[in-house]
Amino acid sequence: MNTVKDVMRPFLCIWLPNWPIQRQLIAQPSYRGQALLLSARNSQQGGRVMRGDYVMYCSDEAWQGGVRVGMPLSEAGALMNNCSSNRKRSNNRKPNQRHSSPAQLPLTMQHNPEADRCALQKLAHWCQRFSPWVALELDDEPSSLILDMTGLEPLLGHELKVSQQVGRAFEQLGYKVQLGFGDHIGAAWAVAHYGNLHTTSPWLHEANLSNLPVEALRLPNKVLDLMAPKWHHFT
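Residues numbered from 1 in each chain as written. Predicted model: local features only at pLDDT ≥ 70, side-chain atom pairs only at ≥ 80, totals over all residues. Heavy atoms only, no water.

Quick look at the nonpolar core
Then step 1. L12, I14, L145, L147 and F170 are the most contacted members of the largest nonpolar core, which totals 21 residues.
Then step 2. Those elements that provide at least two residues to this core are β1 (11-15), α4 (113-126), β5 (134-136), β6 (144-148), α6 (159-173) and β7 (178-182).
Then step 3. Sequence-distant contacts of I14, defined by excluding residues within four places in its chain, comprise C127, S143, S144, L145, L147, V166, F170, V177, Q178 and L179. (Core = buried A, V, L, I, M, F, W, Y, C linked by side-chain atoms within 4.5 Å. Buried < 20%, exposed > 50% of the residue type's maximum accessible area, 1.4 Å probe, protein only. Helix = DSSP H or I, 4+ residues; strand = E, 2+ residues; numbered from the N terminus. Contact = heavy atoms within 4.5 Å.)

Given below as structure tokens:
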């Protein structure tokens, strides 16, 4: 893959939220609609040392059931089991309902960051239909792709048209993405993660910096904690 250099050129960032879960749902469509948990053991998460088996990622269904990232795996399983049992008892109290939904335990799998990276690299190659220069974001567990869009406007159109084309292409593959343009990589990343293409321009200019939270700076959590009482947005 190409080496990312943060220079002043038009970039497009494609972020796949909850990427490890999305990868599993694409690989195994039968998992859709189920409470899916990806677990890890004895590692550091968000500046905290996590002991034992804990939830690294979870699907929307698990989140709605009360599961949270960082929760001990045993607690998450008990929570989802209790939620499903309550739903089953509630359905059984409805005399006119012929078919009640059975209680379902969460589907638990071991988190595999290497497989996540490999699948994202394949998507990066696929994205060369939009730009000849595609790279993964610089992160231990990347979930975003960076495209250099220099000189491509005559071929693909302006940034809003490109974002619509890219968004539709990923949607047809079954992925959910958030997109952002910027005149350097950090700006594009910030818009993709903290902007809103549906209500504002996908392009980040200096005048729009004040609309983004300080988390868009990608600073360490300890620094963000110190800044939180004073700075809520860029100044």
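Let us keep going from here.
Quick look at the packing of aromatic side chains
Then step 1. Taken as a whole, this structure holds 6 aromatic pairs when the rule is applied.
Then step 2. For the pair F11 and W133, a centre-to-centre distance of 6.1 Å together with 65 degrees between the ring planes defines the contact as edge-to-face. Pair noted here: F11 is in strand β1 and W133 is in the loop between α4 and β5, with a separation of 122 residues, a long-range link.
Then step 3. Owing to a relative accessible area of 0%, F11 belongs among the buried residues under this scheme.
Then step 4. For W133, a relative accessible area of 19% puts it in the buried group.
Then step 5. Clustering of aromatic rings is evident, with ring pairs tying together W19, W126, F130, F170 and Y175. (Phe/Tyr/Trp six-rings, centres within 6.5 Å; stacked < 30°, edge-to-face > 60°.)

Some remarks on the side chain of S39
Then step 1. Here S39 shows up in strand β2 (residues 36-45).
Then step 2. A polar atom in the side chain of S39 sits 3.4 Å from the side chain of Q110.
Then step 3. Ignoring any residue separated from it by four or fewer positions in sequence, one finds S39 in contact with Y54, M56, L73, T108, M109, Q110 and H111. (Polar contact = N/O pair within 3.5 Å; in protein donor to acceptor, adjacent residues only side chain to side chain.)

So far we have only geometry, and geometry alone does not tell us how the molecule works.
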